[in-house]
Amino acid sequence: MLVSGTGSNMVALVRAARAGEVPARVVAVLADRPCPGLEAAAAEGLPTVVVEPRRWASRPEWDDALLRAARAHEPDLVVCAGFMRVLGAAFVDAFAGRLINLHPSLLPSFPGAHAVRDALAAGVTITGTTVHFVDHLVDHGPIVAQEEVRIEPGDTEASLHERVKEVERALLPRACRLVLGSAPARARAS
Ligand code: GRF
């Protein structure tokens, strides 16, 4: 799995897999920065890897380092859950059809890094969350699963995002089940 932040969705997926609700196990957690998500992964007993862009001389070298770090764990499925970088083309190609992303809006509405804020600013009354296969465009690709979240009067970005994340923590395991449905029974997720 790839994370950049809190990692609450990562932990939810790890636990769902351990509970037998997803036919997989999470084999490693990668991040682009030191973050609470990595600490949470370590607390779950998972291998963690930080691949920080500033430690590499160029963007292609970082792309390559991230790809090598992911490949080292031989994942059947790569799950981005709050990973706040655009993946390089080689990474997307290497895991084509085996790479999914969790995004806090009903795509194609509100792609980008501020999806919850943008939904509030637009004045919509319903937003939600999406799990989709990753392609070469940002927050774009075939949709695996979506779920709505109603925007309440007085919602702030923080209150709305927390409700979205509650829904995401159930949606992500369900989406992984769907994607892995046709995969070997003991698939490995990174
Ligand atoms: C989620 O809302 C996800 O959709 C977005 O980043 C958030 C990650 O939350 N891409 P967490 O780190 O799993 O708590």
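Everything below is about the structure printed above this text.
Quick caveat, the model's predicted, so the values are computed rather than measured.

**Here we look at the site of the ligand**
Then, in step 1: Neighbouring the ligand are the residues Gly-5, Thr-6, Gly-7, Ser-8, Asn-9, Gly-82, Leu-102, His-103, Pro-104, His-161, Lys-165 and Glu-168.
Then, in step 2: One of the side-chain nitrogen or oxygen atoms of Asn-9 is found 2.8 Å away from an oxygen atom of the ligand.
Then, in step 3: Burial of the ligand by the surrounding chains reaches 91%, relative to a free accessible area of 370 Å².
Then, in step 4: Secondary-structure elements contributing two or more residues to the shell around the ligand are α1 (8–18), β6 (99–103) and α6 (157–180).
Then, in step 5: Ranked by residue count, the leading element in the shell around the ligand is α6, at three residues.
Then, in step 6: Here the residues of the shell around the ligand sort into two nonpolar, eight polar and two charged.

**Some points on the nonpolar core**
In a soluble, globular protein the nonpolar side chains are often hidden away together inside.
Then, in step 1: Met-1, Val-29, Leu-172 and Cys-176 are the most contacted members of the largest nonpolar core, which totals 32 residues.
Then, in step 2: Sorting the residues of this core by element identifies α1, β2 (24–26), β3 (29–31), α2 (36–43), β5 (78–81), β6, β8 (143–150) and α6 as the ones contributing at least two each.
Then, in step 3: Excluding residues within four positions of it along the chain, Leu-172 makes contact with Met-1, Asn-9, Leu-13, Val-79, Ala-81, Leu-102 and Val-131.
Then, in step 4: Judged by nonpolar contacts, the second largest core, of 19 residues, contains Leu-30, Val-51, Ala-70 and Leu-87.

**What to know about the side chain of Asp-139**
Then, in step 1: By secondary structure assignment, the location of Asp-139 is in the loop between β7 (126–133) and β8.
Then, in step 2: Of the polar contacts made by the side chain of Asp-139, one reaches the backbone nitrogen of Gly-112; its length is 2.7 Å.
Then, in step 3: Those residues within four positions of Asp-139 in sequence are excluded, and the remaining contacts are Asn-101, His-103, Leu-107, Pro-111, Gly-112 and His-132.

**Some thoughts on the pattern of salt bridges**
Then, in step 1: Summed over all chains, the structure comprises twelve salt bridges.
Then, in step 2: Ionic pairing is found between Arg-117 and Glu-157, a salt bridge with its closest N-O pair at 3.2 Å. Residue Arg-117 is located in helix α5 (residues 115–122), and its partner Glu-157 is located in helix α6; the two are separated by 40 residues in the primary sequence.
Then, in step 3: Under the relative-accessibility criterion, Arg-117 is labelled partly exposed at 41%.
Then, in step 4: Glu-162 is the salt-bridge partner of Arg-169, the closest N and O atoms lying 3.0 Å from each other.
Then, in step 5: Exposure remark for Glu-162: the relative accessible area of 36% places this residue in the partly exposed category.
Then, in step 6: One salt-bridge network, in which partners are shared between bridges, spans Arg-15, Arg-18 and Glu-44.

**A look at the packing of α1 against α6**
Then, in step 1: One can describe the packing of α1 onto α6 by two numbers: an axis separation of 9 Å at closest approach and a directional angle of 45°. As summarised for this structure, α1 and α6 are arranged oblique, according to the angle between their axes. Seen from above, α1 lies across α6 with right-handed handedness. Only Lys-165, Glu-168, Arg-169, Leu-172, Pro-173 and Cys-176 of α6 make contact with α1, whose side of the interface consists of Ser-8, Asn-9, Ala-12, Leu-13 and Ala-16.

**Details of the pairing of β7**
Then, in step 1: Of all the eight residues making up β7, six are buried; the element is thus mostly covered by neighbouring parts of the structure.
Then, in step 2: By the bridge criterion, four bridges tie β6 to β7 in an arrangement that is antiparallel. Each residue of the ladder has a partner; that of Ile-100, found in β7, is Phe-133.
Then, in step 3: Of the pairings in the sheet, the one linking β7 to β8 comprises seven bridges and is antiparallel in character. Bridging across to β8, His-132 finds its partner in Ile-143.

The rules behind the values
- Residues numbered from 1 in each chain as written.
- Predicted model: local features only at pLDDT ≥ 70, side-chain atom pairs only at ≥ 80, totals over all residues.
- Heavy atoms only, no water.
- Near = heavy atom within 4 Å.
- Polar contact = N/O pair within 3.5 Å; in protein donor to acceptor, adjacent residues only side chain to side chain.
- Areas by Shrake-Rupley, 256 points an atom, 1.4 Å probe, with all protein chains shown as cover.
- Helix = DSSP H or I, 4+ residues; strand = E, 2+ residues; numbered from the N terminus.
- Nonpolar A, V, L, I, M, F, W, Y, C, P; charged D, E, K, R; others polar.
- Core = buried A, V, L, I, M, F, W, Y, C linked by side-chain atoms within 4.5 Å.
- Buried < 20%, exposed > 50% of the residue type's maximum accessible area, 1.4 Å probe, protein only.
- Contact = heavy atoms within 4.5 Å.
- Salt bridge = Lys/Arg side-chain N within 4 Å of Asp/Glu carboxyl O.
- Axes fitted to C-alpha atoms, helices over the stretch in contact; angles between N-to-C directions.
- Parallel < 35°, antiparallel > 145°, perpendicular 65-115°, else oblique.
- Left-handed = near helix turned anticlockwise from the far one by under 90°.
- Pairing = 2+ DSSP bridges.

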